[in-house]
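Observations on the model geometry
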Amino acid sequence: MTCLSHAEDLLGQGEFRYRVVPGWGNEALGQVSVKNGHAVAIDGKGRLLFLTDDVKNNVVILDAKTGRLLQQWTARMPGAHGMSLVKEGGREVLYITDTQLHEVRKLTLEGEELAHFPWPEGAKLHASAAEYRPSKSVHFPSGEFLVFDGYGKDYIFHYKADGSLLRWWGGNLGEGEDQLKHWGPHGGGTCVSDSAKNVVVIAMSDQQEIKRFTEEGRFIDKFPMPGGNPRDIVFWGEHVIVPHLGDQWPKDKNAPGFISILDRGYRVVSNIGAPPAIYEGGELQPMSSDGKTFIHPHGVAVDGEGNLYVAQFASKAAPLLKLERVK
């Protein structure tokens, strides 16, 4: 771990401080075509998988330490948006959602298609495939998984491990907090509660909050993120990492974003690229970007040393960044 002597070089607060690694990955990205950075994941070999919506190379694979380009391939997905790296039967696979093709694909890490999940026509919630625009899949240890219709009608579709549709919830179904407003379920994750039950944690983007549900779609609780725009949930030990696309989004789509690190009580303990979080009377006060570290953070991955890798949407100058953890 690198020790820095100049406090002004540091981003974040407390135990979670970082610096941007200058020029990391620039040579590799100069060899490929990138429209928007959407998601990142680190595989079992320590490689960084970077998802773009450029059909010339949807997945770009780099050495996470050096930033060297290792491989690239296309899944021919012009609306590639969410990417989940999942271990199934001893191997790692990718689930990629596409908002333009209105589908989810399961692929090998080399780009071979293994399964295809079209719009859930049988649920009779969409008039046509065009209304279905999936933003991300999240996965349970059993092999079952959920697909968020985050750019469509805000429903959550629950699939069995064999790919058959089990149930659906969210959107305008149910009452009160069981419903999911638009624009809502953009990204998220799953964890296990103290009662050994699955919990679904949803980044409610433009609603500026994080919501938790049972796997059957019953509301548990929520955590306001004023001034933020949570786009994903990344579990990391006893903490949660949340990228915020912008601090005035959607009112100002040029507004820069930042990243928050939360404890498992969903209290912000460090803001990366933003001033420290302030709580008054137990309530989080509006947050804001420092206006210089990030453009639009969209996806985050973390390696074994605590370094962060950030995919940025609509950020041609820096679609992919590495932040080194320092102490």
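Note that the structure is predicted; figures quoted are calculated from it, not measured. (Residues numbered from 1 in each chain as written. Predicted model: local features only at pLDDT ≥ 70, side-chain atom pairs only at ≥ 80, totals over all residues. Heavy atoms only, no water.)

Brief notes about the environment of Ala41
For the record, the criterion: Per the convention used, a helix needs a DSSP run of H or I reaching at least four residues, while a strand needs a run of E reaching at least two, with both numbered from the N terminus. Pairs of residues are marked as contacts when any of their non-hydrogen atoms sit within 4.5 Å.
Relative to the assigned elements, Ala41 resides in strand E3 (residues 37-42). Expressed as a C-alpha distance, the spacing of Ala41 and Arg325, which sit 284 residues apart in the sequence, is 17 Å. Sequence-distant contacts of Ala41, that is, excluding residues within four places in its chain, are made with Arg47, Leu48, Leu49, Met83, Leu85 and Ala301.

As for the pattern of salt bridges
For clarity, the threshold we go by: We count a salt bridge whenever a side-chain nitrogen from Lys or Arg sits within 4 Å of a carboxyl oxygen from Asp or Glu. Burial classes follow relative accessibility: with a 1.4 Å probe on protein chains only, a residue under 20% of its type's maximum area counts as buried, one over 50% as exposed, and anything between as partly exposed.
Applying the stated rule across the entire model yields 14 salt bridges. Linking Asp232 and Lys136 is a salt bridge whose minimum nitrogen-to-oxygen distance equals 2.8 Å. With Asp232 in the loop between strand E18 (219-224) and strand E19 (234-236) and Lys136 in strand E11 (residues 136-139), this pair connects stretches of sequence that are 96 residues apart. Its salt-bridge partner being Asp221, residue Arg212 comes within 2.7 Å of it at the nearest N-O pair. By relative accessible area, Arg212 is classed as buried at 19%. Here the salt bridges do not stand alone but share partners, grouping Glu177, Glu209, Lys211 and Lys222 into one network.

Topic: the sheet that holds strand E2 (residues 16-20)
Two strands in a sheet stick together by hydrogen bonds in their backbones, pointing the same way (parallel) or opposite ways (antiparallel). Definition in use: In this description, strands pair whenever DSSP reports at least two bridges between them. To define axes, lines are fitted to C-alpha atoms, for helices over the stretch in contact only, and angles between the resulting N-to-C directions are given on a 0 to 180 degree scale.
With respect to topology, 5 strands assemble into an open sheet ordered E1-E2-E27-E26-E25, the strand pairing being antiparallel. The sheet is open, and its two borders are formed by strand E1 (11-13) and strand E25 (297-302), each paired with just one other strand. Strand-to-strand twist of the sheet, defined as the mean angle between neighbouring strand axes without regard to direction, takes the value 25°. As paired strands, E2 and strand E27 (residues 320-326) are joined by 4 bridges and run antiparallel to one another. Note that in E27 the partner of Val20 across the bridge is Leu323.

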